[in-house]
Amino acid sequence: MIYIHIPFCKQKCSYCNFHFSTSLNFKDEMLAAMKKEILLRKDELQNKKIQSLYFGGGTPSILSSDEINSLIDEVLRYFSFENDIEITLEANPDDLDKNFLKNLSQSFVNRLSIGTQSFFDEDLRLMNRAHSGSEAESSIKRAQDFGFENLSIDLIYGSPVSNFERWKENLAKAIVLDVPHISSYALTVEHKTALENWILKGKVASPKEEEQNKEFYYLSDFLKEHGFDHYEISNFAKPGFYSKHNSAYWKYKEYLGIGPSAHSYNGFDIRSWNVANNQQYMKKVHSHLLPKEEEVLSQKEQFNEMMMIGLRTMWGVDLISLKNKFSAEIIDKFTYVIASKIEEGILIMENDHLKIPKKHWFLADGIAADLFLV
């Protein structure tokens, strides 16, 4: 599978620390560099027939449909698509006008991930989003009118300007809109963001973990009642609408990341990442140099990643794969550590898979960290 990072946004969200630029001055040069990177790295994927192509960012919908199509065409020069390929475009509601959706509906793109975040203007103002609550709703309806059935929306809970009743209304609105996939995250305070600055200056209250905990479990129970599977801590889907792309990440499949700051993984022991600087990225690529650094993951690092990723999903960690992959010494240590946690009910074993019970999912990262090899 292939991920393409589009490093441009109209404006910076208050909570975001992803890599992007609000200047489009070098957009054409960036797109040319990305196409060149695809050529330079075309032999890195073992499987030339891909099942997922994902445009993330940044804001991919800031591009025109022609620019998106030109990147897809470049991928098709060196790879082929599975018949049921999933091609996802992350999009902001304010970009999804009739013209854009009409042109996009005639392209290979068959899934939209819409950065809704909330249907309430007060939440959106805190987040410094470019759209309103009414625009969020109308963009979803418009996308459906143009034939996009495979839709995902992002929703953020635990905002200090929101409350539990508003969160319930956000989720009820998503159900009325008949969206089949929801990615939902607690508002987190990242370093060097506007939100962090506001909190430090006392302009905004800090998010409250107990409120986020309450809203998370309501989210899980409510969506389950409405036919969604809670298949990863932050992801919910109706049957047939799981994200193929993200599911492949969680199952340790190989992937190629194109664009500044994009990450890649060979499916075994090598992880790489591109430089998170637009000018440096373009300079390297146009000099026929790979714009990346890489590391060979030790057995310990591979093990810890499998714990962190696997325990966030409903599939858990496959113990048979684990035993086949790691030394007896590592497995012995692991078996000893998990015994007490199983006894405490923090972990469970089902059909040779180690899982965290749903009632403890909000604490999953901490539970997984307790299992890390040091």
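This report concerns the structure included in the present document.

The rules behind the values
- Within any chain, residue numbers begin from 1 and follow the written order of that chain's sequence.
- For this predicted model, a pLDDT threshold of at least 70 governs which residues receive local features, and a threshold of 80 or more governs which side-chain atom pairs are given and counted, while totals over whole chains, interfaces and linings are taken from all residues.
- The side-chain numbers reported here are obtained from all heavy atoms of the structure, hydrogens and water having been left aside.
- Helix and strand assignments come from DSSP, with helices taken as H or I runs of at least 4 residues and strands as E runs of at least 2, each series counted from the N terminus.
- Radius of gyration means the value over C-alpha atoms here, while the globule rule gives 2.2 Å times the residue count to the 0.38 power.
- Only protein chains enter the accessibility calculation, which uses a 1.4 Å probe; a residue whose area is less than 20% of its type maximum is buried, one above 50% is exposed, and one in between is partly exposed.
- Note on contacts: a residue pair qualifies if any of its non-hydrogen atoms lie within 4.5 Å across the two residues.
- In these tables, accessible area is a Shrake-Rupley quantity obtained with a 1.4 Å probe, and a residue counts as shielded only by the protein chains included in the view.
- A pair of strands counts as paired when DSSP detects no fewer than two bridges linking them.
- Between N or O atoms, a polar contact is any pair within 3.5 Å; within protein, one atom must be a potential hydrogen donor and the other a potential acceptor, and residues adjacent in sequence are included only when both atoms are from side chains.
- By convention, a stacked pair of Phe, Tyr or Trp rings (six-membered ring in the case of Trp) has centres within 6.5 Å and planes under 30 degrees apart, an edge-to-face pair has planes over 60 apart, and any other such pair is tilted.
- As used here, the term nonpolar core means buried Ala, Val, Leu, Ile, Met, Phe, Trp, Tyr and Cys residues forming a set that is joined through side-chain atoms within 4.5 Å.
- The arc in question is traced by the directions running from the helix axis to the C-beta atoms.

### Considerations on the overall build of the chain
Part 1 of the reasoning: Broken down by element type, the chain carries 14 helices and 15 strands.
Part 2 of the reasoning: For the chain, the C-alpha radius of gyration of 21 Å lies close to 21 Å, the compact-globule estimate for 374 residues.
Part 3 of the reasoning: Based on the C-alpha atoms only, the size of the chain along its principal axes is roughly 55 × 50 × 45 Å.
Part 4 of the reasoning: With 374 residues in all, the chain has 51% of them scored as buried.
Part 5 of the reasoning: Look at the contacts in the chain between residues 6 or more apart in sequence, and 70% of them connect residues 24 or more apart.
Part 6 of the reasoning: Carbon together with sulfur atoms contributes 49% to the accessible area of the chain, which is approximately 17,400 Å² in total.

### As for the pairing of strand β7 (residues 229–232)
Part 1 of the reasoning: The pairing of β7 with strand β8 (residues 235–237) spans 3 bridges and is antiparallel. Pairing of Glu232 across the sheet is with Asn235, part of β8.
Part 2 of the reasoning: What sits between β7 and β8 in their antiparallel hairpin is a turn of 2 residues.

### A closer look at the sheet that holds strand β14 (residues 348–350)
Part 1 of the reasoning: Ordered in space as β13-β15-β14, the 3 strands form an open sheet in which the pairing is antiparallel. Each of the sheet's edge strands pairs with one partner strand only, and the pair in question is β13 (317–318) and β14.

### Here's the deal with the side chain of Glu67
Part 1 of the reasoning: Mapped onto the secondary structure, Glu67 falls in helix α2 (residues 65–78).
Part 2 of the reasoning: Separated by 3.0 Å, the side chains of Glu67 and Lys27 make a polar contact.
Part 3 of the reasoning: Looking at Glu67, its side chain comes within polar contact range of the main-chain nitrogen of Ser64, at 2.9 Å.
Part 4 of the reasoning: Sequence-distant contacts of Glu67, defined by excluding residues within four places in its chain, comprise Lys27, Asp28 and Leu31.

### Brief notes about the packing of aromatic side chains
Part 1 of the reasoning: A complete count under the given rule lists 16 aromatic pairs for this structure.
Part 2 of the reasoning: Their ring planes at 80° and their centres at 5.3 Å tell us that Phe164 and Tyr218 sit as a pair that is edge-to-face. Separated by 54 residues along the polypeptide, Phe164 in helix α6 (residues 164–176) and Tyr218 in helix α8 (residues 209–225) bring together distant segments of the chain.
Part 3 of the reasoning: Since its relative accessible area comes to 17%, Phe164 is described here as buried.

### Points about the nonpolar core
Part 1 of the reasoning: Formed by 84 residues in total, the largest nonpolar core has its most connected members in Ile2, Phe55, Leu112 and Leu322.
Part 2 of the reasoning: Filtering out sequence-adjacent residues up to four positions away, Leu322 remains in contact with Phe303, Met306, Met307, Val317, Ile331 and Phe334.
Part 3 of the reasoning: Counting 10 residues, the second largest nonpolar core, distinct from the first, contains Cys13, Tyr15, Cys16 and Val204.

### Brief notes about the environment of Asn278
Part 1 of the reasoning: Counting through the fold element by element, Asn278 comes out in helix α10 (residues 278–286).
Part 2 of the reasoning: Judged by relative accessible area, which is 12%, Asn278 ranks as buried.
Part 3 of the reasoning: Spatially, the C-alpha atom of Asn278 lies 9.1 Å from that of His19, the residues being 259 residues apart in sequence.
Part 4 of the reasoning: When near neighbours in sequence (up to four residues on either side) are disregarded, Asn278 contacts Pro7, Phe8, His19, Ser21, Met30 and Pro260.

### Brief notes about α10
Part 1 of the reasoning: Among the residues making up α10, those that are buried are Asn278, Tyr281, Met282 and Val285. Angularly, the buried residues of α10 cover 95° about the axis, an arc narrow enough to put them on a single face.
Part 2 of the reasoning: Buried residues in α10 make contact with α1 (27–40), β9 (256–258) and β11 (270–274).
Part 3 of the reasoning: Where α10 begins, the capping side chain belongs to Asn277, and its oxygen is found 3.1 Å from the backbone nitrogen of Gln279.
Part 4 of the reasoning: His288 sits one or two residues past α10 and shows a positive phi near 65°.

### A look at the pairing of strand β4 (residues 111–117)
Part 1 of the reasoning: For β4, a buried count of 7 out of 7 residues is recorded, marking the element as mostly surrounded by other parts of the structure.
Part 2 of the reasoning: By the alternation rule, side chains of β4 split into Arg111, Ser113, Gly115 and Gln117 and Leu112, Ile114 and Thr116, which are all buried.
Part 3 of the reasoning: Relative to β4, strand β3 (residues 80–91) runs parallel, the two being bridged by 4 bridges. Each residue of the ladder has a partner; that of Glu90, found in β4, is Ser113.

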